[in-house]
Amino acid sequence: MRVPLGVVGWDALSLVDAADDRPLIERRAVVRDGFYEMQARTVIERVAQTAGVAQGWAVSPYRGCVHACLGCGARAGHRRLGLEAGRDFDERIVVRPNVVARLRAELGRWGGQELAVGVGGDCYQVAEERYRLMPGVIGALAEAGVPFTVYTKSALVLRDAALLAEAGARVAVSIAFVDERIRRAVEPGAPTAQARLELVSALVEAGVECRVRMAPVLPLLSDAADQLSATVRRIASAGARGAEAVVLRLPPGTREWYVAWLGRAHPQLVARYEELYDRAGLPSPVYEGRITGQIAQLCRVYGMGCGVPEVGRGEPRVAQLALV
């Protein structure tokens, strides 16, 4: 990973210099070996509508993601830290070292709604090899009786397969297409589709409930009938119980980065994208309905469930605190 700003080792940054005009993250974080360590004030956060996940609330141990997926809907979060939604999101990974302690505190007054884990950045990306935050996150959620779904593309999740199975967690693995040429262009840092298919099989074998998110389906690039059919067929062969289709979202931050790439790689498609997407970054309902309908039909052909899974609600196992 590129070390940002030429920093090596520890570099404690000032928290008190009001005249400091550096980005927020560089004033409030500690930089260690290229990672920004920043203490979180709260870790259960509302999920934007444009995220394309079923849960309304999420926990993210990391912000930013080395998978560098052009269409990642979490990119705008880096802007709030004073960083860029483009390359900074891919290379300047924010770590929340106190995520487990904060999560335990917040679960003490949580109502039991299902949580997503890893929406702000893959929770099993390379930073997790170093910080090992996820076992504590899984343990806190399991002890509190809160259902949760882990979103990842990384085989590192297998390290915690026993914990996830015991907790009754879901794992959602993103496999939007099986064309390696597309993957190299739009998900340059992510594992190959084949590696993710093998991950699905391994999770199923380990007793972990596993679904596949066909996310994001890319308009005019990965949405042809033969492409969708090939992807669903291979997902079914991997043993997934179901698939959930999500058409590309382009919220602010993501939109600029993705469209800039589109203009370089496929300039003839830019005008069509402008027609397909509204100002919030949501695709045309007609287009989205057609694509999700095609995928649902293919799932039936291959014997899989399809669509958004039912969001769970647990019975809290911790004392409830008054919200006053």
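Residues numbered from 1 in each chain as written. Predicted model: local features only at pLDDT ≥ 70, side-chain atom pairs only at ≥ 80, totals over all residues. Heavy atoms only, no water.

Visitor: Hey, could you run me through the overall build of the protein chain in this one?
Guide: Counting secondary structure elements, the protein chain contains 13 helices and 13 strands. Looking at the protein chain residue by residue over its 324 residues, the buried ones come to 53%. Within the protein chain, contacts between residues separated by at least 24 positions form 75% of all contacts whose residues are at least 6 apart in sequence. Entry remark: accessible area of the protein chain is about 14400 Å², with carbon and sulfur atoms responsible for 52%. (Helix = DSSP H or I, 4+ residues; strand = E, 2+ residues; numbered from the N terminus. Buried < 20%, exposed > 50% of the residue type's maximum accessible area, 1.4 Å probe, protein only. Contact = heavy atoms within 4.5 Å. Areas by Shrake-Rupley, 256 points an atom, 1.4 Å probe, with all protein chains shown as cover.)

Visitor: Could you clarify how one ought to interpret the pattern of salt bridges in this entry?
Guide: Working definition: two side chains of opposite charge can pair if their charged atoms are close together. According to the stated counting rule, one finds 18 salt bridges in the structure shown. Measuring nitrogen to oxygen at the nearest pair gives 2.7 Å for the salt bridge that ties Arg63 to Glu45. Taken together, the residues span a long stretch of sequence, with Arg63 in strand 6 (residues 62–63) and Glu45 in strand 4 (residues 45–46) at a distance of 18 residues. Exposure remark for Arg63: the relative accessible area of 18% places this residue in the buried category. Where Glu45 meets Arg96, a salt bridge forms, and the shortest distance between an N and an O atom there is 3.0 Å. In this pair, Glu45 sits in strand 4 while Arg96 sits in the loop between strand 7 (94–95) and helix 4 (99–107), placing the two residues 51 residues apart along the sequence. (Salt bridge = Lys/Arg side-chain N within 4 Å of Asp/Glu carboxyl O.)

Visitor: Before we go on, may I ask you to explain empty space enclosed by the protein in this structure?
Guide: To find leftover empty space, one rolls a probe the size of a water molecule over the atoms. All told, the structure shown has one cavity of 30 Å³ or more when counted by the stated rule. Contributing to the lining of the largest cavity are Ala54, Gln55, Thr149, Tyr151, Arg170, Ala172, Arg211, Arg213, Glu244 and Pro309. Contributing elements (two or more residues each) for the lining of the largest cavity: strand 9 (148–152), strand 10 (170–174) and strand 11 (209–217). (1 Å grid on protein atoms, 1.4 Å probe; cavity = no way out; pocket = protein on both sides within 12 Å on 5 of 7 lines; lining within 4 Å. Points joined across faces, edges and corners; volume = space filled by probe spheres on them.)

Visitor: Help me understand the sheet that holds strand 12 (residues 242–247), please; the structure alone is not making it clear to me.
Guide: In a beta sheet, neighbouring strands pair by backbone hydrogen bonds and run either parallel or antiparallel. Within the open sheet, the eight strands sit side by side as 4-5-8-9-10-11-12-13. Their pairing is mixed. Among the strands making up the open sheet, the edge pair consists of strand 4 and strand 13 (305–306). Inspection of the sheet shows strand 4 paired to strand 5 (residues 57–59) by two bridges, in the antiparallel sense. Within the sheet, the bridge partner assigned to Arg46 lies in strand 5 and is Trp57. (Pairing = 2+ DSSP bridges.)

Visitor: Looking at this structure, I do not really get the environment of Gly77. What am I missing?
Guide: Examined against the element boundaries, Gly77 turns out to sit in helix 2 (residues 76–79). Relative accessible area serves as the criterion here: at 11%, Gly77 is assigned to the buried category. Sequence separation of Gly77 and Gly120 is 43 residues, and the distance between their C-alpha atoms is 7.5 Å.

Visitor: Even after reading the chapter, I still don't get the packing of helix 10 (residues 225–237) against helix 13 (residues 285–301), so can you show me in this structure?
Guide: For any two helices packed against each other, one specifies the inter-axial angle together with the distance between the axes. One can describe the packing of helix 10 onto helix 13 by two numbers: an axis separation of 10 Å at closest approach and a directional angle of 40 degrees. The angle between the axes of helix 10 and helix 13 places the two elements in the oblique class. As for how helix 10 packs across helix 13, the hand of that crossing is right-handed. Facing helix 10, whose interface residues are Ala225, Leu228, Ser229 and Val232, helix 13 presents Gln294, Ile295, Leu298 and Cys299. Classifying every residue of the contact of helix 10 with helix 13 by side-chain character gives six nonpolar, two polar and no charged. (Axes fitted to C-alpha atoms, helices over the stretch in contact; angles between N-to-C directions. Parallel < 35°, antiparallel > 145°, perpendicular 65-115°, else oblique. Left-handed = near helix turned anticlockwise from the far one by under 90°. Nonpolar A, V, L, I, M, F, W, Y, C, P; charged D, E, K, R; others polar.)

Visitor: What exactly am I supposed to notice about the side chain of Glu106 here?
Guide: For Glu106, the position within the fold is in helix 4. What Glu106 contacts, discounting residues up to four positions off in sequence, is Arg41, Thr42, Val43 and Ile44.

Visitor: Would you mind going over the nonpolar core with me for this structure?
Guide: Leu107, Leu164, Tyr258 and Tyr273 are the most contacted members of the largest nonpolar core, which has 79 residues in total. Here the element with the most residues in this core is helix 6 (residues 134–144); it accounts for six residues. If near-sequence neighbours (up to four positions away) are discounted, Leu164 is found in contact with Tyr124, Ile138, Phe148, Val150, Val157, Ala169, Val171 and Val208. Listed in part, the eight residues of the second largest apolar core include Ala29, Leu81, Leu83 and Val94. (Core = buried A, V, L, I, M, F, W, Y, C linked by side-chain atoms within 4.5 Å.)

Visitor: Can you walk me through the confidence of the model for the protein chain in this structure?
Guide: Caution applies to low-pLDDT regions: their predicted coordinates should not be interpreted in detail. Across the protein chain, the average pLDDT comes to 90, with 90% of residues at 70 or higher. Long-range and interchain partners of residues 1–17, a stretch whose pLDDT sits below 50, account for 39 contacts in this model, where long-range means more than four residues apart. Every residue in residues 318–324 is under pLDDT 50, and counting partners more than four places away or in other chains gives ten contacts. (pLDDT = per-residue confidence, 0-100.)

Visitor: Teacher, can you tell me more about the packing of helix 4 against helix 6 here?
Guide: For the pair helix 4 and helix 6, the least separation of the axes is 9 Å and the interaxial angle reads 15 degrees. Compared by their axis directions, helix 4 and helix 6 come out roughly parallel. As for the relative orientation of helix 4 and helix 6, their crossing is right-handed in sense. Contact with helix 4, carried on its side by Val99, Val100, Leu103, Arg104 and Leu107, involves Gly136, Val137, Gly139, Ala140, Leu141, Glu143 and Ala144 of helix 6 and no other residues of that element. Of the residues assigned to the contact of helix 4 with helix 6, the class counts are eight nonpolar, two polar and two charged.

Visitor: It is not clear to me how the environment of Ile175 should be interpreted in this structure. Could you clarify?
Guide: Looking at where Ile175 falls in the secondary structure, it is placed in the loop between strand 10 and helix 8 (180–186). For Ile175, a relative accessible area of 0% puts it in the buried group. Residue contacts for Ile175: discarding those within four places in its chain leaves Ala193, Arg196, Leu197, Val200, Val212, Arg213, Met214, Ala215, Thr231 and Ile235.

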